[in-house]
Amino acid sequence: MLQYNTDGTYLRNGPGLWDLGDYGFRHLFDGYATLVRVSFRDGHAVGAHRQIESEAYKAARRHGKVCYREFSEVPKPDSFKSFVGQLASLLSGNSLTDNSNTGVVRLGDGRVLCLTETVKGSIVVDPDTLDTVSKFEYEDKLGGLIHSAHPIVTDTEFWTLIPDLIRPGYVVARMDAGSNERQFVGRVDCRGGPAPGWVHSFPVTENYVVVPEMPLRYCAANLLRAEPTPLYKFQWHLESGSYMHVMCKASGKIVASVEVPPFVTFHFINAYEEKDEEGRVTAIIADCCEHNADTSILDNLRLHNLRAFTGEDVLTDARVGRFRIPLDGSPFGELEAALDPEEHGRGMDMCSINPAHLGKEYRYAYACGARRPCNFPNTLTKIDLVEKTAKNWYEEGAVPSEPYFVARPGALEEDDGVAISMVSAKDGSGYALVLDAKTFKEIARAKFPYGLPYGLHCCWVPRDK
Ligand SMILES: CC1=C(/C=C/C(C)=C\C=C\C(C)=C\C=C\C=C(C)\C=C\C=O)C(C)(C)CCC1
Ligand SMILES: [Fe+2]
């Protein structure tokens, strides 16, 4: 029995199925999407889980093998002829996966969408039955085969970033709630390297979109390869430089483009406008889960490493990376740790905030941190960016997923609510964990009748909506 007075459904998406008969995937991000639901009602929790019926998943089930290009795996060409065929289908985007195993968002009009990095991998699901309802198809001419897996979604709009691999750059687009038509807002040309930097996510402020250009760049040749390369679909171009661009939401004009120290991030936490005493915007502050400019986190996440914890501390260090992007025309921006990474055990990823503070000044972030030695983030951490401290939750041998913040209805304070996570316990069982976001102490846990795989991102569907 849960003593928790917010009714609604917590949804979590992630790559949950890594085995096809005798064949096993090798990387965490390859798994076929598993959607989990925990519905809270009158103090009780009811759970369910289901595979998303993507074309990639259905074809793999039908043929007992990988049929589309996943994060690290690609279909094995049976012959040179079929390889040529694959090349053609890659150029058209046909061979790319629609395995929407990364995020789940509730759009302003109530539709629930599962997402990955491919545009075709946007799939509408039913949050009650977990049915795969339909493909989400854009009704515009913007095109693009890949996009940021994390759009910015509010009750009224949707912002997305589309990398352009042909003419290296990014297109920024927005879409009204209730529509399937993205509108072109503006374009950022890359300042370095042969291809755009990977944009798994990006932040916005009230008036600006921040476009990151990191030295971990998409690589067309790696997209074509049959075997996983050390950096999968990407290449590290330290020499290309790292940049942060700021685009005005209203005009689509670039108001700042600065060089910054090298960085590696999947997840931006939030961003806001820094103002002087007269209320003029002087800089953009953008925070992310930053892996100390080290790409080896991608290797850390190979299933072989995750399944073989030897007691050795192998998780690479991460921090809350805080960018300061000046708007006065200076050519350089800053990147520093927002707090001492020891506060959260030098592990930092899978973050959430109070959505009421999206794009605005904020104080708290919730994420997965580390208690060392470990091979994967194994704590939940509440970061106080003002005090520069962290409160940590830990249970021996447990692996918690993204702590997702849900505000208490009528809340006035930023941390008035709960953080919900799903935890895999040491004995293989699992439970949904509800932490008081203020104290970061456990309020309730609901045990599942069976263990569930690890998962990535979440959303909340309030009961009345
Ligand atoms: C990147 C491309 C593709 C696929 C991307 C996919 C399937 C997922 C990416 C997920 C990410 C980046 C998740 C990050 C999680 C980080 C964790 C758990 C960190 C923990 C460390 O502390 C396609 C779809 C194959 C297309 C090409 C590009
Ligand atoms: Fe993500």
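Refer to the structure printed above.
In this report, the structure presented in the accompanying data block is examined. Only a predicted model underlies this, so the values are computations on that prediction, with no experimental measurement involved. (Residues numbered from 1 in each chain as written. Chains lettered and ligands numbered in written order. Predicted model: local features only at pLDDT ≥ 70, side-chain atom pairs only at ≥ 80, totals over all residues. Heavy atoms only, no water.)

Observations regarding the overall build of the protein chain
- A tally of regular secondary structure across the protein chain gives five helices and 33 strands.
- By the compact-globule yardstick of 23 Å for 465 residues, the protein chain fits well, its C-alpha radius of gyration being 21 Å.
- For the protein chain, the spread of C-alpha atoms along the three principal axes comes to 60 × 55 × 50 Å.
- Per-residue burial for the protein chain yields a buried fraction of 58% across its 465 residues.
- If you take every contact in the protein chain between residues at least 6 apart in sequence, the share linking residues at least 24 apart comes to 59%.
- Accessible surface computed for the protein chain: about 19100 Å², of which carbon and sulfur atoms make up 51%. (Helix = DSSP H or I, 4+ residues; strand = E, 2+ residues; numbered from the N terminus. Rg over C-alpha atoms; globule rule 2.2 N^0.38 Å. Buried < 20%, exposed > 50% of the residue type's maximum accessible area, 1.4 Å probe, protein only. Contact = heavy atoms within 4.5 Å. Areas by Shrake-Rupley, 256 points an atom, 1.4 Å probe, with all protein chains shown as cover.)

Regarding empty space enclosed by the protein
- Applying the stated criterion across every chain, the model contains four cavities of 30 Å³ or more.
- Its volume calculated, the largest cavity comes out at about 590 Å³.
- Along the walls of the largest cavity sit 39 residues, with Phe29, Phe71, Glu117, Trp198 and His200 positioned nearest its centre.
- If you list the elements that add at least two residues to the lining of the largest cavity, you get β20 (265–275) and β24 (349–352).
- Its residues placed into classes, the lining of the largest cavity shows 22 nonpolar, 12 polar and five charged. (1 Å grid on protein atoms, 1.4 Å probe; cavity = no way out; pocket = protein on both sides within 12 Å on 5 of 7 lines; lining within 4 Å. Points joined across faces, edges and corners; volume = space filled by probe spheres on them. Nonpolar A, V, L, I, M, F, W, Y, C, P; charged D, E, K, R; others polar.)

Quick notes on the nonpolar core
- Judged by nonpolar contacts, the single largest core of 79 residues is most densely connected at Trp198, Met244, Leu298, Phe323 and Ile325.
- Those residues within four positions of Ile325 in sequence are excluded, and the remaining contacts are Val210, Met244, Val246, Ala256, Val258, Thr282, Ala283 and Ile284.
- The next biggest cluster of nonpolar side chains, apart from the first, holds 28 residues, and it includes Val38, Phe40, Cys458 and Cys459. (Core = buried A, V, L, I, M, F, W, Y, C linked by side-chain atoms within 4.5 Å.)

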